[in-house]
Amino acid sequence: MPPTAEPPRELNWRTTDEQEVARRRQRAVEERPPVRNVDPRHPVFSNFAVRSPSGLEYSVEIRDIMWRTFHCTCVDFRVNGLGTCKHIEAVLLHLEQKAPLELAAARTSRPVRADLLPDPARGGLRVEGATEKIPRPLRRLFDTGLGLRPGHAPELVVQAWRQAAAREPALRVSQETDAWIESRRRAAEAVQLRREYEQKVHSGEWPPHETRAPLYPFQREGMLHLACRERALLADEMGLGKTVQAIAACALLHRIGRARRVLIVAPGTRLPEWEEHIGRLTRLSYAVADGTKQKRAALYGLGDDGPVFTLLTYEQAAADYVELNESLKPDVVILDEAQRVKSWQSRLAIAVKRLRSRYAFVLTPTPLENDLDELYSLVSFLDPAVLGPLFRFNREFYDLDRHGRPVGVRNLDRLRARVAPVILRRRKDDVAAQLPSRADRWIYVPLSDEQRAAYEPLAREAGELERAARATPPPPEQRARLLRVLSLMRMICDTNYILNPDERACPKLGEISRLLRDATAAPGVKVLVFSEWERMLELVRGACEKLRLGFAWHTGSLGAPERRAAVEKFREDPECRVFLSTDTSSPGLSLENATVVIHCDLPWNPARLDQRNARAWRPGQDRPVTVLHLVSEHTIEHRLMHTLERKRALADAVLLDGPTTPGGRAAAAKERGLFAGIEEANRLNLAAPSPA
């Protein structure tokens, strides 16, 4: 690879391997990390410790300078396929300064050491380098191609080679061999665990359920997927009990001695739900890591004397990852609502992904919402080798324009096959026989004159911005303006009152009042009402008061204790018939005593819609559930219905064995290019559907 290759521009994804090598060489020059020769007897063909700026230390193995045969323990080397990384390039720079004569000689000569390496193609071992140095008793174990002969256990051969290397410095067991031996052991252990579990449950030696409450068959399958795969993603739709399955997997691993310490990382609003589920489903200890960093560190340092489950937020995990790795040393790391780390380049994601553990469970109903990078980020936490480096991923699964920017997606069948062993995803339709029935109805409502007068100027402005965006990629301020205009249009589809407290006209409110009156006519029926905007719910609250219906108020304007009280009131008080909520409720919130769900408006993505529905339509619900969607006629809400379907189709095309909708790839690519900053817009409450 020519050393003169220029590193690529950061925003250009159409890179060559030469440019990627140059990027790593440039980083080595800029960072100049400390390098230490672990075995000074070998000035060049040795192992070197390289300390990165992050404080982590990596081991670099130099095997052949002429053919650039190296190895590094960093993740980038393992997945990039380039044969180098910034740590290797740093070692080469170090040798140019510290051992220039020896390095020059090594560039034109054969290696002086015989290395024992994994041979993945044949599932065994092989020898490279100075093969004449191999003692005769060891040479007989290998064929003429220097591959391990059949019938010899690799583990025993490694042990024998290591003993010989203690006497002969020219022999070396490559550092990648130990990792390969360990991966073989773990793979065999996982297969044995599943076989042993099925046999012992069938014989009655092991309990049929790992939790105090029985699991559905599909939940038992999810438990085994997590426990036996070791590092896996559970992407079940909302309401199928991902939390329950993860806890059951941990309980199984704990009972057989594989997991003593479990670290649960979740949004703060989810931690009470985890506490409730752990206490209800197991007898295992748990603790929430709160308070100061020093207080949290004391909890991590308890080791085996501490709780089995340690719960903390994403922000705490990002701040404490060093202490967690060094003190807590979790056997299992669970990322709940893992869409928090979908943005692979965010500081939060980078820090959380530094957590180390044998087992890792990623829980999210939406591993892919807006673009393929989100899936890449989650899978790379589990096993970076599955999808490889980002630059190869971009080449393989995106269509890039001449500037190296993504304009479309491709090879989705190949991508689905690649992630299939890691991801388990079930839709409610897949397990319908184990779930209650559900009926959806769409109710179309016209705009009032006041709404239309406010809506139409915004619609014209959105059209102009949309046409400009089609011509050239919009600058950030233009994209932000378009998102804001679309968001205002969605608010007006509910009522002008959201923007102007003097205008209370709301055609949807009349329909909602009718639906509430009809639903609550039957004794015991309870209703969930959702809106993205609190002012819309204020109008519904007024309707409940007129109908003399007891209600619970659950919005972002309340603190966590008030929201919990609202949940308990709705669950326990028979006179509380309606639950009024924005999208502030935690993903695991269970309100299965409700059998009617009313959506005043449609959220930006299908995941949020599924999350709302999952409050009532979930395991534990033994009655049919009716879901009612209110849509303003001939407005952006109509288009939003199609946008939701396209987003769902793109996710299903990758995560499930199903076709994409006609034009789905092009439409998804268009959405991706236009709304690259949609996550930020969502946080600012400016999220809106794509102007497809």
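What counts, and where the lines are drawn
Residues numbered from 1 in each chain as written. Predicted model: local features only at pLDDT ≥ 70, side-chain atom pairs only at ≥ 80, totals over all residues. Heavy atoms only, no water. Core = buried A, V, L, I, M, F, W, Y, C linked by side-chain atoms within 4.5 Å. Buried < 20%, exposed > 50% of the residue type's maximum accessible area, 1.4 Å probe, protein only. Helix = DSSP H or I, 4+ residues; strand = E, 2+ residues; numbered from the N terminus. Axes fitted to C-alpha atoms, helices over the stretch in contact; angles between N-to-C directions. Parallel < 35°, antiparallel > 145°, perpendicular 65-115°, else oblique. Left-handed = near helix turned anticlockwise from the far one by under 90°. Contact = heavy atoms within 4.5 Å. Nonpolar A, V, L, I, M, F, W, Y, C, P; charged D, E, K, R; others polar. Polar contact = N/O pair within 3.5 Å; in protein donor to acceptor, adjacent residues only side chain to side chain. Salt bridge = Lys/Arg side-chain N within 4 Å of Asp/Glu carboxyl O. Pairing = 2+ DSSP bridges. Expected span 1.5 Å × (residues − 1). pLDDT = per-residue confidence, 0-100. Bend = angle between axes of the 7 residues up to and from the residue. Phe/Tyr/Trp six-rings, centres within 6.5 Å; stacked < 30°, edge-to-face > 60°. Lys NZ or Arg CZ within 6 Å of the ring centre and 35° of its normal.

Caption draft 1: Geometry of the nonpolar core. Of all hydrophobic cores here, the largest spans 52 residues; its most connected members are Leu335, Leu372 and Leu415. Here this core takes seven residues from helix H14 (residues 372-382), the largest share from any one element. In terms of nonpolar packing, the next biggest core, distinct from the first, is built from 44 residues, Val485, Tyr497, Leu509 and Leu580 among them.

Caption draft 2: Local environment of the packing of H14 against helix H15 (residues 390-397). The N-to-C vectors of H14 and H15 enclose an angle of 140°; their axes lie 12 Å apart at closest approach. Taken together, the axes of H14 and H15 are oblique relative to one another. Viewed along their axes, H14 and H15 form a crossing whose handedness is right-handed. Contacts between H14 and H15 involve Leu372, Asp373 and Tyr376 from the first element and Leu390, Phe393, Asn394 and Phe397 from the second. Its residues assigned to classes, the contact of H14 with H15 comprises five nonpolar, one polar and one charged.

Caption draft 3: Structural context of the environment of Glu230. Of note, Glu230 is situated in the loop between helix H8 (217-229) and strand S8 (231-234). Under the relative-accessibility criterion, Glu230 is labelled buried at 9%. Sequence-wise, Glu230 and Leu382 are 152 residues apart; in three dimensions their C-alpha atoms are separated by 9.1 Å. In contact with Glu230, other than residues within four places in its own chain, are Arg186, Ala190, His225, Arg358, Tyr359, Ala360 and Phe361. Here the side chain of Glu230 touches Arg358 through a polar contact of 2.8 Å, side chain to side chain.

Caption draft 4: Broad picture of the pattern of salt bridges. Counting across every chain of the model gives 53 salt bridges. Here Glu323 and Lys293 are joined by a salt bridge, their closest N and O atoms 3.6 Å apart. Taken together, the residues Glu323 in helix H12 (residues 314-328) and Lys293 in helix H11 (residues 293-300) connect sequence positions 30 residues apart. Assessed through its relative accessible area of 37%, Lys293 is described here as partly exposed. Each of Glu182, Arg185, Arg186, Glu189, Glu230, Arg258 and Arg358 takes part in one network of salt bridges that share partners.

Caption draft 5: Structural detail: the sheet that holds strand S7 (residues 171-173). With respect to topology, three strands assemble into an open sheet ordered S6-S5-S7, the strand pairing being mixed. The strands lining the two open edges of the sheet, one partner per strand, are strand S6 (124-129) and S7. Pairs of neighbouring strands in the sheet enclose a mean axial angle of 30°, with direction left out of account. Sheet strands touched by helix H6 (residues 154-167): strand S5 (114-119), S6 and S7. Its angle to S7, the strand with the most contacts, is close to 140°. Contacts from helix H7 (residues 175-203) reach S5, S6 and S7 within the one sheet, and its direction differs from that of S5 by about 30°.

Caption draft 6: Layout of the packing of helix H17 (residues 449-471) against helix H18 (residues 476-494). Look at H17 against H18: their axes get within 9 Å of each other, and the N-to-C directions meet at 155°. When the axes of H17 and H18 are compared, the pair comes out roughly antiparallel. For the pair H17 and H18, the crossing hand works out as left-handed. Facing Gln451, Ala454, Tyr455, Leu458, Ala459, Glu461, Ala462, Leu465, Ala468 and Ala469 of H17, the residues of H18 in contact are Gln478, Arg481, Leu482, Val485, Leu486, Leu488, Met489, Ile492, Cys493 and Asp494. The class makeup of the residues in the contact of H17 with H18 is 15 nonpolar, two polar and three charged.

Caption draft 7: Region of the structure containing the side chain of Asn47. Mapped onto the secondary structure, Asn47 falls in strand S2 (residues 47-51). Since its relative accessible area comes to 16%, Asn47 is described here as buried. A polar contact of 3.2 Å, which involves the side chain of Asn47, links it to the side chain of Gln175. The residues touching Asn47, leaving out its near neighbours within four places in the chain, are Arg36, Asn37, Val38, Asp39, Ser59, Val60, Glu61, Arg172 and Gln175.

Caption draft 8: Structural context of helix H9 (residues 242-255). Counted at 1.5 Å a residue, the expected span for H9 with its 14 residues is 20 Å, and the 20 Å between its end C-alpha atoms agrees. Of all 14 residues that make up H9, twelve are buried, and the element is covered over most of its length. Regarding H9, the residues found buried are Lys242, Thr243, Val244, Gln245, Ala246, Ile247, Ala248, Ala249, Cys250, Ala251, Leu252 and Leu253. A positive phi of about 85° marks Gly257, the residue just after H9.

Caption draft 9: Region of the structure containing the confidence of the model for the protein chain. Residue-level pLDDT values for the protein chain average 84, and 90% of them are 70 or greater. This model gives residues 659-692 a pLDDT under 50, and the stretch forms 86 contacts once residues within four places in sequence are excluded.

Caption draft 10: A look at the sheet that holds strand S3 (residues 57-64). With antiparallel pairing, four strands are arranged side by side in an open sheet as S1-S2-S3-S4. What marks the edges here is a single partner per strand, and that holds for strand S1 (35-37) and strand S4 (69-72). Along the sheet, successive strands turn relative to each other by an average axial angle of 25°, direction set aside. Here S2 pairs with S3 via five bridges, running antiparallel.

Caption draft 11: Main features of H12. Its 15 residues give H12 an end-to-end C-alpha distance of only 16 Å, which falls more than 12% under 21 Å, the value for a rise of 1.5 Å per residue. The principal kink in H12, of about 75°, is found at Asp320. Among the residues making up H12, those that are buried are Tyr314, Gln316, Ala317, Ala318, Asp320, Tyr321, Leu324, Asn325 and Leu328. If you follow the buried residues of H12, they end up packed against strand S9 (262-265), H11, strand S11 (309-312), strand S12 (332-336) and helix H13 (347-352). Of the residues one or two after H12, Lys329 is the one with positive phi, at around 50°.

Caption draft 12: Highlighting the packing of aromatic side chains. As enumerated under the stated definition, the model contains seven aromatic pairs in all. Seen in terms of ring centroids, Phe393 and Phe397 are 5.1 Å apart; in terms of plane orientation they differ by 55°. Their pairing is tilted. Note that Phe393 and Phe397 are positioned in helix H15 at a spacing of four residues, about one turn of the helix. Judged by centre distance (6.4 Å) and plane angle (80°), the ring pair of Phe393 and Tyr398 falls under edge-to-face. In this pair, the class of Phe393 matches that of Tyr398, namely buried. Aromatic ring contacts, followed pair by pair, group Tyr376, Phe393, Phe397 and Tyr398 into a single cluster. Seen from the ring of Tyr497, Arg504 lies directly overhead, with NZ or CZ sitting 4.7 Å from the centre. Between Arg535 and the ring centre of Tyr497, over which it is positioned, the NZ or CZ distance is 5.3 Å.

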